[in-house]
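# A closer look at the structure
Listed below are the residues making up each chain.
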Amino acid sequence: MKQTPLFVTLSAGLAVIGTALVAFALQLQAEGYEQYVQDVGYLAGTAYFTAIMTLVTWVRARRLD
């Protein structure tokens, strides 16, 4: 069985963290903590962006091999 590359595992983990942060932001909004929703949403966006950039780096590194 072939092992999953580290870049893919890292990217998937970051996407899971981003999804959890989005769920947390929605929960904060539902409970009336609107002042924190934007900050948590920013962190979620940063996690998604980092996940995408990790995959892009992995694809580009594979092309160089």
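Details of the structure are given in the entry above.
Now for a description of the structure that goes with this document.

### Concerning the overall build of the chain
In terms of helices and strands, the chain carries two helices and zero strands. Its C-alpha atoms give the chain a radius of gyration of 15 Å, more than 25% over the compact-globule value 11 Å for 65 residues. Projected onto the principal axes, the alpha-carbon positions of the chain cover approximately 50 × 25 × 10 Å. Residues counted as buried form 17% of the 65 residues belonging to the chain. Carbon and sulfur atoms provide 66% of the accessible area of the chain, an area that totals close to 5,200 Å². Once the 4 positive and 4 negative side-chain charges of the chain are each reduced to a mean point, those two points are 29 Å apart.

### A short note on the side chain of serine 11
Tracing the sequence through the fold places serine 11 in helix 1 (residues 6-30). If near-sequence neighbours (up to four positions away) are discounted, serine 11 is found in contact with Ala51, Thr54 and Leu55.

Conventions adopted
Residues numbered from 1 in each chain as written. Predicted model: local features only at pLDDT ≥ 70, side-chain atom pairs only at ≥ 80, totals over all residues. Heavy atoms only, no water. Helix = DSSP H or I, 4+ residues; strand = E, 2+ residues; numbered from the N terminus. Rg over C-alpha atoms; globule rule 2.2 N^0.38 Å. Buried < 20%, exposed > 50% of the residue type's maximum accessible area, 1.4 Å probe, protein only. Areas by Shrake-Rupley, 256 points an atom, 1.4 Å probe, with all protein chains shown as cover. Lys, Arg positive; Asp, Glu negative; His and termini not counted. Charge placed at Lys NZ, Arg CZ, Asp CG, Glu CD. Contact = heavy atoms within 4.5 Å.

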